[in-house]
Amino acid sequence: MTAYNSTDFDPPAPVAYVTLRNETTGAEWSNVPMQLDTGADVTLVPQTVVDKLDLTVISDVQYKLVGFDGSASFAFAVQLKLVFGRGTFRGKYLLIDQNMGVIGRDILNLVPLLFNGPRLDWSEYRPKK
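Heads up: these notes are all about the structure in this document. (Residues numbered from 1 in each chain as written. Predicted model: local features only at pLDDT ≥ 70, side-chain atom pairs only at ≥ 80, totals over all residues. Heavy atoms only, no water.)

Description of the environment of L82
Next up, step 1: Here L82 shows up in strand 6 (residues 72–84).
Next up, step 2: Sequence-wise, L82 and Q47 are 35 residues apart; in three dimensions their C-alpha atoms are separated by 15 Å.
Next up, step 3: Residues in contact with L82, not counting those within four places in the same chain, are V18, T19, L20, M34, T43, G87, T88, F89, Y93 and I107. (Helix = DSSP H or I, 4+ residues; strand = E, 2+ residues; numbered from the N terminus. Contact = heavy atoms within 4.5 Å.)

Put into structure tokens, the structure is as follows:
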């Protein structure tokens, strides 16, 4: 079980610590905080990943991000490997100018998770055999 983060969120929110990896160079950044957000369509990684992993920004296209309040912004993407729990995900992820990233439904829909709101913790679901 992993406790919800009550330091950065009120009310507390589920946060995972992942590893991000540049598949070309092998450079990696571990323990990157990522909010588990079932309301987010896509996964967003901190902009600082570009410098830490020497990634190339895919600058020929920008993606429009729309918040719940209707505000819009635009983001570039990077290609990388994301290790979350027992899974490894390769793909194009959008950049945000925040210290904490967001794991959205593009990944969450592939991982069985248990969110226990009353206990303020979460875990990967592992059926008993």
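More follows now that the structure is in view.
Here's the deal with the sheet that holds strand 1 (residues 2–3)
Next up, step 1: Pairing within the open sheet is antiparallel, and its three strands lie in the order 1-10-9. Both outer strands of the open sheet, strand 1 and strand 9 (113–116), are each paired with one neighbouring strand and no more.
Next up, step 2: Pairing geometry for strand 1 and strand 10 (residues 121–124), over two bridges, is antiparallel. By the bridge assignment, A3 is partnered in strand 10 with D121. (Pairing = 2+ DSSP bridges.)

Here we look at the packing of aromatic side chains
Next up, step 1: On inspection of all chains with the given rule, the structure shows one aromatic pair.
Next up, step 2: Ring centres of F84 and W122 lie 6.1 Å apart, and the angle between their planes is 40 degrees; on these two criteria the pair is classed as tilted. Here F84, found in strand 6, pairs with W122, found in strand 10; they are 38 residues apart in sequence, far enough to count as distant. Neither residue differs from the other here; F84 and W122 are each classed as buried. (Phe/Tyr/Trp six-rings, centres within 6.5 Å; stacked < 30°, edge-to-face > 60°. Buried < 20%, exposed > 50% of the residue type's maximum accessible area, 1.4 Å probe, protein only.)

Details of the nonpolar core
Next up, step 1: By size, the foremost hydrophobic cluster in this structure holds 26 residues, and its most contacted members are V18, L20, V49, L82 and F84.
Next up, step 2: Breaking this core down by element, the ones donating at least two residues are strand 2 (15–21), strand 3 (28–36), helix 1 (49–53), strand 6, strand 7 (87–96) and helix 2 (105–108).
Next up, step 3: For V18, the residues in contact, after removing those within four places along its chain, are W29, S30, N31, V32, M34, L82, V83, F84 and I103.
Next up, step 4: By size, the runner-up hydrophobic cluster in this structure holds seven residues, among which are A40, L44, A75 and A77. (Core = buried A, V, L, I, M, F, W, Y, C linked by side-chain atoms within 4.5 Å.)

Considering the environment of V61
Next up, step 1: Inspection of the secondary structure assignment puts V61 in strand 5 (residues 58–66).
Next up, step 2: Classification of V61 as partly exposed rests on a relative accessible area of 34%.
Next up, step 3: Separated by 32 residues in sequence, V61 and W29 place their C-alpha atoms 25 Å apart.
Next up, step 4: The contact partners of V61, leaving out residues within four places of it in the chain, are A75 and F76.

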